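As a plain string of letters, each chain reads:
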Amino acid sequence: MSLAGAEAMEIAAEVPPGDEGVPQWREAWRRVRRNPLAITGMVLIALFVFVAVFAPLLAPFEPGDTSPGRGKIRPGIIPGPSSEHPFGLDQSGRDELSRVIFGARYSLLIGLVSVTLGGLVGGIIGTVAGAFGGWVDNLLMRLMDIMLSVPGLLFAIAVAAMLGGSIKGIMVAIAVTSVPTFARLLRGSMLSQRESDYALASRSLGVKRWRIITKHVLPNSLAPVIVYGTLALATAIVEAAGLAFLGLGDPNPDTAEWGKMVAGTQQYLRSAPHLVFFPGLAIVLSVLGFNLLGDALREALDPKLRR
């Protein structure tokens, strides 16, 4: 038997039965579908996406409508959950259920936009650094090191404060703080792929550098970035809630955002705990969904973690 044939048999022996010839992403998707924690995460994410998309149809009231609490809100008395208002009323007489439902729109939108922006900018920087190397790599990575030297939350607060209190300011602030991590992650993955056997073979055959980068190295380097992006969505939702809690969100009092809903209820923690419980529970469940899905993707795409 030839050496090549022996190596082929050895590789085939390491592939689980039924996985022969299955593309990496299809195989990963099949592993994710078999993971009960991943299914739980996807169900939670799908539930919040459904609520966000159909919020006007699901919410019994408008988020800024104070008519539900007319005559019911008195000093020191804020009605809690009831058959008419399952999540109770807030301090201004607005229906808490409606505000939590509409809050899914803002929180998911902030997470998606901020991670997308941070991933695009960081991905471009990481691709350029990983493709060129040398002084270009050193310059870009030193800039990323400078950004990473500032605590993430402090950096986000500074950026959001400079842009003024708004939803867009929070999106940009979270995106800026995530750029260095995306850049370093993609750059490190590309450097390891550049030294792989297929890249060396392509260079020896005279294939142009950019073709190797765009057709082979970059696509094979995206798996850890996608996994981190899923986990970063959960982090972005928490950071957005934190920035809104600090008063850096939309100044409009009728804006229903989970972090902002929690921010204005400190003085009512004893008399009306439902004002904190329900938006806080929404934050926890949405973050849990993205974390479960991210962990499942990491396990499915990393051969070292596959069972």
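As shown above, the structure is provided for reference.
An account of the accompanying structure is given in this report.

Calculation rules
- Residues numbered from 1 in each chain as written.
- Predicted model: local features only at pLDDT ≥ 70, side-chain atom pairs only at ≥ 80, totals over all residues.
- Heavy atoms only, no water.
- Helix = DSSP H or I, 4+ residues; strand = E, 2+ residues; numbered from the N terminus.
- Buried < 20%, exposed > 50% of the residue type's maximum accessible area, 1.4 Å probe, protein only.
- Contact = heavy atoms within 4.5 Å.
- Areas by Shrake-Rupley, 256 points an atom, 1.4 Å probe, with all protein chains shown as cover.
- Core = buried A, V, L, I, M, F, W, Y, C linked by side-chain atoms within 4.5 Å.
- Bend = angle between axes of the 7 residues up to and from the residue.
- Salt bridge = Lys/Arg side-chain N within 4 Å of Asp/Glu carboxyl O.
- Phe/Tyr/Trp six-rings, centres within 6.5 Å; stacked < 30°, edge-to-face > 60°.

### Some points on the overall build of the protein chain
- Along its length, the protein chain carries 12 helices and zero strands.
- Each helix and strand of the protein chain, ordered N terminal to C terminal, gives the series α-α-α-α-α-α-α-α-α-α-α-α.
- A burial count over the protein chain gives 42% of its 307 residues as buried.
- Put simply, 71% of the contacts in the protein chain that link residues at least 6 apart link residues at least 24 apart.
- Of the roughly 16300 Å² of accessible surface on the protein chain, a fraction of 67% belongs to carbon and sulfur atoms.

### Some thoughts on the nonpolar core
- One finds Ile-110, Ile-174, Leu-243, Trp-258 and Phe-290 to be the most contacted residues of the largest nonpolar core, which totals 58 residues.
- Elements supplying a minimum of two residues to this core: α2 (24-33), α3 (36-53), α5 (96-132), α7 (152-163), α8 (167-194), α10 (209-245), α11 (258-263) and α12 (274-301).
- If one sorts the elements of this core by residue count, α10 sits on top with 14 residues.
- For Ile-174, the contacting residues outside a window of four places in its chain are Ile-110, Ser-114, Ala-236, Glu-239, Ala-240 and Leu-243.

### Section: α10
- Along α10, the helix axis deviates most sharply at Leu-218, where the bend reaches about 40°; the proline Pro-219 sits within four residues downstream.
- After α10 finishes, the residue Gly-247 shows a positive phi value of roughly 85°.

### Notes on the environment of Gly-152
- When you line up the elements, Gly-152 lands in helix α7.
- As for Gly-152 and Val-176, which are separated by 24 residues in sequence, their C-alpha atoms are 9.4 Å apart.

### Section: the pattern of salt bridges
- Following the criterion strictly, the structure yields five salt bridges and no others.
- Here Arg-184 makes a salt bridge to Asp-145, at a shortest N to O gap of 2.9 Å. Of the two residues, Arg-184 sits in helix α8 while Asp-145 sits in helix α6 (residues 134-148), which places them 39 residues apart along the sequence.
- Classification of Arg-184 by relative accessible area gives partly exposed; the value is 30%.
- Exposure remark for Asp-145: the relative accessible area of 30% places this residue in the partly exposed category.
- What emerges from the salt-bridge pattern is a single network uniting Asp-90, Arg-94 and Arg-99.

### What about the side chain of Thr-177?
- Structurally, the position occupied by Thr-177 is in helix α8.
- Thr-177 gets classed as buried once you look at its relative accessible area, which sits at 14%.
- Discounting residues that sit within four places of it in the chain, Thr-177 has contacts with Gly-152, Phe-155, Ala-156 and Glu-239.

### A look at the side chain of Asp-137
- Mapped onto the secondary structure, Asp-137 falls in helix α6.
- Ignoring anything within four residues of it in the chain, the contact list for Asp-137 reads Ala-129 and Arg-187.

### A closer look at the packing of aromatic side chains
- With the rule as written, the count across this model stands at five aromatic pairs.
- Centroid distance Phe-87 to Phe-278: 4.0 Å. Interplanar angle 5°. Geometry classified as stacked. Remark: Phe-278 occurs in helix α12 and Phe-87 occurs in the loop between α4 (55-58) and α5; sequence separation between them is 191 residues.
- For Phe-87, a relative accessible area of 21% translates into the label partly exposed.
- Take Phe-278: its relative accessible area is 14%, and that puts it in the buried class.
- Taken together, a centroid distance of 5.2 Å and an interplanar angle of 80° make the contact between Phe-277 and Phe-278 edge-to-face.
- Under the relative-accessibility criterion, Phe-277 is labelled partly exposed at 48%.
- Through a chain of ring-to-ring contacts, three or more aromatic side chains come together here, namely Phe-87, Phe-277 and Phe-278.

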